[in-house]
Amino acid sequence: MSTTTESGRIDDIRDARTLFPATSSSAYLNTAAVGLASRELTAAYHRYVDEWSENGLDYARGEAAAETARTSVAALMGADRSDVALIASVSAAAGLIAAQFGPASNGQNVVIGEREYSSNHFPWRLLAAKGYEVRQVPFRNGGLEPEDIARHVDRATQLVAFSGVQTASGHRSDIAAIADTAHAVGALVFVDGSQMVGALPVAADIEHIDVLATSDHKFLMNAGRGIGYCYLSPEVRDRFSPLNAGWKAGRVPFESFFGPTMDLSSTASRFDNSISWLAAIGDEAALSVFDAFGADAIFQRNMDLADLLRSALTEIGRGAIDLPVANRSTIVAVPLAGAEPAELLATLKQRGIICSARDGNLRLAIHFYNHEDDIAQITSALAEL
Ligand SMILES: Cc1ncc(COP(=O)(O)O)c(C=O)c1O
């Protein structure tokens, strides 16, 4: 795969790291926290801010960038751009959906994961105040197994919410199986895609999902963040009310500043929030790298490197949480086994390795700008420590 970018021609995806300056000074295994900046991203920010300083801010350019970004993220989700809304964050998307639920009746309940990231947990917990029973499913292998979910779902279940990939363990959910259980009783399927969209193919799963939300700062590579993306299936968006509607939710936003009519968009953009124009400029540029290499090549490189990392860890006797192949992702979690997380992370940082510790694991996250060298670096460090 060859491509040409701001920095010049890149002949091979294995050299993608040359587009990301920070990779020259560290083995960066922390995309599950925040992604790295490409040269495209920083150049676009510099240009926009310079123009802002010289001529005033071009907000129409910011709006246009957001539309390009919406198209790019929709493609990564395997969705049509008309099904994707621009939102503030994953928690805002979950809150929007939770707000659609009226007072509970007849034992109505929602089913969530016990150790889900809070943005996909607290909005549902708050439904208890409306009378919903909030059923928390314990994790197994660091994630949610379809049969455990099935034990908590009954005919009064209104929603099943979970992560496509668990942030602390990298456990990839069996979306189709969980969704089948939920849909069999008419429950809504909400998926947090923060650790999945941009890292792995999603297109085969999208038909099983009602709502899929992701933020922009991890595998979509704008760590400055500012926009989230929310897929809403056509059925769901016709059923739900765009509670945050403003000018941006109009059929033609720039013609929707003042009523007196309310002509809302017929697409998912009627759920749009007003965006950060700066974030939109960043997202457009960050996402252009997917087009440069091709998303499939990126996903393949991600899984190849993650597999290599897993086997290298096994070789040094520091095996990652053992997951069936279907549950593996680009996050590889190594049990801390009693190590003090802050101390271990500081020691690794001194050796030029950047990663995180989450929920009892050292969390190593791969994105295509990683390289075999990074894997050699982390495994030799862990073998010595
Ligand atoms: C699994 C998961 N969901 C969501 C988020 C972010 O949520 P929000 O967009 O609400 O800040 C993160 C990390 O920032 C995450 O790891």
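Since the structure is predicted, the reported quantities are computational estimates derived from the model, not experimental observations.

1. Focus on the sheet that holds strand β13 (residues 356-358)
Ordered by their spatial adjacency, three strands build an open sheet running β11-β14-β13, and the pairing between neighbours is antiparallel. The sheet is open, and its two edges are formed by β11 (331-335) and β13, each paired on a single side. Going from strand to strand, the sheet's axes swing by 35 degrees on average, the running direction of each strand aside. Across five bridges, β11 lies against strand β14 (residues 361-365) in antiparallel orientation. In the sheet register, Ile331 faces β14, and the bridge partner there is Ala365. Each of β11 and β14 touches helix α9 (residues 295-315); the most contacted strand, β11, lies at about 15 degrees to it.

2. Observations concerning the side chain of His217
Locating His217 in the fold gives a position in the loop between β9 (211-215) and β10 (228-232). A polar contact is formed between the side chain of His217 and the side chain of Ser215, at a distance of 2.9 Å. The residues touching His217, leaving out its near neighbours within four places in the chain, are Ala33, Val34, Gly35, Asn222, Ala223 and Arg225.

3. Here's the deal with the site of the ligand
Around the ligand, the structure places 13 residues, and the nearest of them are Val90, Ser119, Asp192, Lys218 and Arg225. Between the ligand and Val90 there is a distance of 2.9 Å, counted from an oxygen atom to a backbone nitrogen or oxygen. Contacts to the ligand include Asp192, whose side-chain N or O atom sits 2.5 Å from a nitrogen atom. Isolated, the ligand exposes 400 Å² of accessible area, and the fraction of that covered by the protein chains is 92%. Residues of the shell around the ligand, tallied by class, amount to two nonpolar, eight polar and three charged.

4. Here we look at the domain arrangement of the protein
Taken as a whole, the protein is organised into domain 1 (3-36 + 294-384) and domain 2 (59-289). Its C-alpha centre places domain 1 at a distance of 27 Å from the equivalent point of domain 2. Residue-level contacts link 31 residues of domain 1 with 23 residues of domain 2. The junction of domain 1 with domain 2 conceals about 2100 Å² of combined surface from both sides, 59% of it contributed by carbon and sulfur atoms. On the domain 1 side of the interface with domain 2, the three residues burying the most area are Phe299, Asn327 and Ile331, jointly 24% of the side's total. At the boundary of domain 1 and domain 2, one finds one salt bridge. Arg115 is the partner of Asp359 in a salt bridge, and the nearest nitrogen-oxygen pair spans 2.8 Å. Where domain 1 touches domain 2, the interface holds eleven residue pairs in polar contact (both at pLDDT 80 or more). With five residues, the top contributor of residues to the side of domain 1 that touches domain 2 is α9. The residue makeup of the side of domain 1 that touches domain 2, split by class, is 19 nonpolar, eight polar and four charged.

Conventions adopted
- Residues numbered from 1 in each chain as written.
- Predicted model: local features only at pLDDT ≥ 70, side-chain atom pairs only at ≥ 80, totals over all residues.
- Heavy atoms only, no water.
- Pairing = 2+ DSSP bridges.
- Helix = DSSP H or I, 4+ residues; strand = E, 2+ residues; numbered from the N terminus.
- Axes fitted to C-alpha atoms, helices over the stretch in contact; angles between N-to-C directions.
- Contact = heavy atoms within 4.5 Å.
- Polar contact = N/O pair within 3.5 Å; in protein donor to acceptor, adjacent residues only side chain to side chain.
- Near = heavy atom within 4 Å.
- Areas by Shrake-Rupley, 256 points an atom, 1.4 Å probe, with all protein chains shown as cover.
- Nonpolar A, V, L, I, M, F, W, Y, C, P; charged D, E, K, R; others polar.
- Domains from an automatic or database assignment.
- Buried area = accessible area lost by both parts, 1.4 Å probe.
- Salt bridge = Lys/Arg side-chain N within 4 Å of Asp/Glu carboxyl O.

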